[in-house]
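Given next are the chains, with one letter for each unit.
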Amino acid sequence: MTKETRVGIVGLGYVGLPLALRSLEKGFKTIGVDSDKTKINKIKQGQSPFLEEFIERRKKLLKKLPVFTDAKNLKKVDIIIICVPTPIDKSHYPNLKPLKNAVKSVINNLGKNQLIIIESTINPGVCEEVIKPMFIKEGLQEEKDYYLAHCPERIDPGNKKWNVSNINRVVGAISKEGLKRALEYYKTIIDGKIRPMKSIKAAESVKVVENSFRDVNIAFVNELAQSFDQMGIDVKDVIDGAATKPFAFMAHYPSRGVGGHCIPVDPYYLIEEAKRKGFDHLFLRAARKINNYMPFYTVKTLQDILNEIELPLKNTAIGILGLSYKANIDDLRESPAFKIVDELKKKQAKISTFDPYAKKESNVNSLEELLKNSEALILVTNHQEFLNKEDLFKKFNIKAIVDGVNCLDGEKIKSFGIKYHGIGKF
Ligand SMILES: NC(=O)c1ccc[n+]([C@@H]2O[C@H](COP(=O)([O-])OP(=O)(O)OC[C@H]3O[C@@H](n4cnc5c(N)ncnc54)[C@H](O)[C@@H]3O)[C@@H](O)[C@H]2O)c1
């Protein structure tokens, strides 16, 4: 691994673009390839296609990153890292098409002795049972013509402390030589621990297990929020109490549902693979069901508090604060906001939406405009722009608020005579 080592990143999204900039700043001759022309043009102009602090701080580097739509540029690199999406379809079934297409374009432009690393999240078995056979079909042999490794990405968009430069990683590969090379690369670019895994399957499993762990724990508190609502117990208070135990408890908090490209997606990769191998992941399926229900529970909560003031949901003006799945970022993927909006539409409420990070997708232009139009609110995203606005809610005569992430001052809101309910918090 020298500074002459050339690196090609395929897929310049939330995962691939920060990685490409990190590789470049560590001195590797790095290029990027993405099938999205608009994205490539933006990067060429030195603009990030999405909001991410890690990239904002490296904006000057963007223009120095050679980027292409044509995969033939990968022929001359030594390491290819694939960071394309691995989504699910409408029936929650894993969709490996983007990954297979990316691998196909790599195979079609294969150089000599290249190390191919998959960073996309995949279920155990994809590298050996889906990707390797694609090479075999073209008469290409691992260790002779290429090396295959997997290093699942753990990036957390919007996280100010942890980013691609310092998050520990795990690496698995098919051959010893592939593992050695991949470890060497990541040890050079990352200021963190790089753990070799016993097998490529074990490396694939790490990421789906991490996100299933999150999904299950969040589902547990989301379920508690619903049962404690029935019992009149504030679940946030209970969790904060339990969190005073210095060992064996890890606080997770309920909300209007999970979003993003990881937690609502990755558990299905494990569920489906296990099903193929004859095992039914009851626990994971239950977690998915509970978390998928939370946007509907949020609407139900609004309906309940509106009933208390004799306002029907039908024809009442509801303002949705936030569309992205997480605070202070513009990522809308799998956001519970859209399920909430659809459910409210079904119930014939009048809806205004505003997200300062997704103005194009909002139907009003400012928080003030939204408040002017609304009788009741659902706070979906705890963007900084929505915090400490309790006085403003009073000024605009809001009658009821559902706090979908339990981030507002409920006591203050209630003291204004506004109906308030969080998710398991009141
Ligand atoms: N977003 C996250 O927080 C996160 C965190 C960890 C892991 N991951 C995983 O990383 C992978 C990528 O996620 P992302 O969030 O960066 O996705 P993304 O949608 O932001 O970016 C993927 C990019 O790949 C491009 N692309 C798709 N098919 C291509 C092809 N055949 N050739 C070239 N480019 C292609 C798309 O145009 C897009 O720009 C997924 O498997 C995801 O599960 C994501």
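Rules behind the numbers
Residues numbered from 1 in each chain as written. Predicted model: local features only at pLDDT ≥ 70, side-chain atom pairs only at ≥ 80, totals over all residues. Helix = DSSP H or I, 4+ residues; strand = E, 2+ residues; numbered from the N terminus. Rg over C-alpha atoms; globule rule 2.2 N^0.38 Å. Buried ≥ 20, exposed ≤ 12 C-beta atoms within 10 Å, placed from the backbone. Contact = placed C-beta atoms within 7 Å. Pairing = 2+ DSSP bridges. Axes fitted to C-alpha atoms, helices over the stretch in contact; angles between N-to-C directions. Domains from an automatic or database assignment. Nonpolar A, V, L, I, M, F, W, Y, C, P; charged D, E, K, R; others polar. Near = placed C-beta within 6 Å.

Asker: Would you mind showing me how to read the overall build of the protein chain here?
Answerer: Along the backbone of the protein chain there are 15 helices and 13 strands. Scaling as 2.2 N^0.38, a compact globule of 426 residues should have a C-alpha radius of gyration of about 22 Å, and the protein chain matches this with 24 Å. Buried residues in the protein chain amount to 47% of all 426 residues. In the protein chain, the proportion of contacts linking residues at least 24 apart, taken out of those at least 6 apart, comes to 71%.

Asker: Explanation requested: the sheet that holds strand S12 (residues 400-403) in the structure shown.
Answerer: Within a sheet, neighbouring strands are paired by backbone hydrogen bonds and run either parallel or antiparallel to one another. In space, the five strands of this open sheet follow the order S10-S9-S11-S12-S13, with parallel pairing throughout. Both outer strands of the open sheet, strand S10 (350-354) and strand S13 (419-422), are each paired with one neighbouring strand and no more. Pairs of neighbouring strands in the sheet enclose a mean axial angle of 15 degrees, with direction left out of account. Two strands pair when backbone bridges link them, and strand S9 (residues 317-321) and S10 are joined in this way by five bridges, in the parallel orientation. Considered in S10, the bridge of Leu321 is made with Phe354. Across the sheet, helix H11 (residues 282-308) is in contact with strand S11 (376-379), S12 and S13; its angle to S12 comes to roughly 155 degrees.

Asker: I tried to follow the environment of Lys26 on my own but got confused; where do I start?
Answerer: Summarising the element assignment, Lys26 is placed in the loop between helix H1 (16-25) and strand S2 (29-33). Judged by local crowding, Lys26 falls into the partly exposed class, with 15 C-beta atoms found within 10 Å. Sequence separation of Lys26 and Glu4 is 22 residues, and the distance between their C-alpha atoms is 11 Å. Ignoring any residue separated from it by four or fewer positions in sequence, one finds Lys26 in contact with Thr188 and Ile189.

Asker: For this particular structure, what's the right way to read the domain arrangement of the protein chain?
Answerer: A common way to state how big an interface is: give the accessible area lost once the parts meet. For the protein chain, the assigned domains read domain 1 (6-198) and domain 2 (199-426). At the junction of the two partners, domain 1 supplies 29 residues and domain 2 supplies 26 residues. Elements that contribute at least two residues to the side of domain 1 that touches domain 2 include exactly helix H6 (126-137) and strand S7 (169-173). Tallied by class, residues from the side of domain 1 that touches domain 2 come to 20 nonpolar, seven polar and two charged.

Asker: Explain the site of the ligand here, please?
Answerer: As a structural note, the neighbourhood of the ligand is formed by 29 residues, with Gly11, Gly13, Val15, Ser120 and Thr121 the closest of them. At four residues, helix H5 (residues 97-108) tops the list of elements feeding residues into the shell around the ligand. Counted by class, the shell around the ligand contains 13 nonpolar, eleven polar and five charged residues. A domain split of the shell around the ligand shows at least three residues from each of domain 1 (6-198) and domain 2 (199-426).

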